[in-house]
Amino acid sequence: VQLQASGGGLVQAGGSLRLSCAASGGTFSSYTMSWFRQAPGKEREFVAAIRWSGGTYYADSVKGRFTISRDNAKNTVYLQMNSLKPEDTAVYYCAAVFVAYGSNWLRINEYEYGYWGQGTLVTVSS
């Protein structure tokens, strides 16, 4: 599976951005898709995950502000980010993990993900 992230940029605090991640080379609906982020000088952290059927899970730090969604027909996952804060500044990565039928779909540990996009930089100015 190849992942291509896009949509990052510079935005003022309180603004919005939408990230996209296009997938190719696999059966998209078989994968849990997630977003992670890595701020300067910090470790990469989980942001949000979505199962093939649309169930979602969020890190507490973004709950209520970010929305993850997916379009299985377009092989694309999105991250709508609202009410952005300076502390949201980071490189955002999309990631995919294959989930077998009947298995737990939720994976928040980055080491469980075998496929990663190249990252897109989000900068939030105060």
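Here the structure is shown first, and the text comes after it.
Fair warning: this is a prediction, and the values are worked out from it, not measured in the lab.

**A closer look at the pattern of salt bridges**
Oppositely charged side chains can form a pair if their charged atoms are brought close together.
Reasoning step 1: Per the stated rule, a full pass over the model turns up six salt bridges.
Reasoning step 2: As a salt-bridge pair, Arg65 and Asp88 come within 2.7 Å of each other at their nearest N and O atoms. With Arg65 in the loop between β6 (56-58) and β7 (66-71) and Asp88 in the loop between β8 (76-81) and β9 (90-98), this pair connects stretches of sequence that are 23 residues apart.
Reasoning step 3: What makes Arg65 buried here is its relative accessible area of 10%.
Reasoning step 4: Residues participating in the shared-partner salt-bridge network are Arg37, Glu45, Arg65 and Asp88.

**Let's talk about the packing of aromatic side chains**
Reasoning step 1: Scanning the entire structure with this criterion turns up eight aromatic pairs.
Reasoning step 2: Pairing Phe36 with Phe46 gives two aromatic rings, centres 5.7 Å apart and planes at 80 degrees, and the pair type is edge-to-face. On the criterion of sequence distance, the pair formed by Phe36 in strand β4 (residues 31-38) and Phe46 in strand β5 (residues 45-50) is long-range, its members being 10 residues apart.
Reasoning step 3: Judged by relative accessible area, Phe36 falls into the buried class, the value being 1%.
Reasoning step 4: Each residue in the set Phe36, Phe46, Tyr57, Tyr93, Tyr113 and Trp116 is aromatic and connected to the rest through ring pairs, giving one cluster.
Reasoning step 5: Cation over ring: Arg44 sits above Tyr93, and NZ or CZ is 4.9 Å from the ring centre.
Reasoning step 6: If you follow Arg70 out to its NZ or CZ, it ends over the ring of Phe28, 4.4 Å from the centre.

**A short note on the nonpolar core**
Reasoning step 1: Of all hydrophobic cores here, the largest spans 38 residues; its most connected members are Met33, Trp35, Leu79, Met81 and Tyr92.
Reasoning step 2: Elements that contribute at least two residues to this core include exactly β1 (2-6), β3 (17-24), β4, β5, β7, β8, β9 and β11 (120-125).
Reasoning step 3: Sorting elements by how many residues they give to this core places β9 first, with six residues.
Reasoning step 4: Setting aside residues no more than four positions away along its own chain, Tyr92 makes contact with Leu19, Trp35, Phe36, Arg37, Val47, Phe66, Leu79, Met81, Gly119, Thr120 and Val122.

So, how was this worked out
Residues numbered from 1 in each chain as written. Predicted model: local features only at pLDDT ≥ 70, side-chain atom pairs only at ≥ 80, totals over all residues. Heavy atoms only, no water. Salt bridge = Lys/Arg side-chain N within 4 Å of Asp/Glu carboxyl O. Helix = DSSP H or I, 4+ residues; strand = E, 2+ residues; numbered from the N terminus. Buried < 20%, exposed > 50% of the residue type's maximum accessible area, 1.4 Å probe, protein only. Phe/Tyr/Trp six-rings, centres within 6.5 Å; stacked < 30°, edge-to-face > 60°. Lys NZ or Arg CZ within 6 Å of the ring centre and 35° of its normal. Core = buried A, V, L, I, M, F, W, Y, C linked by side-chain atoms within 4.5 Å. Contact = heavy atoms within 4.5 Å.

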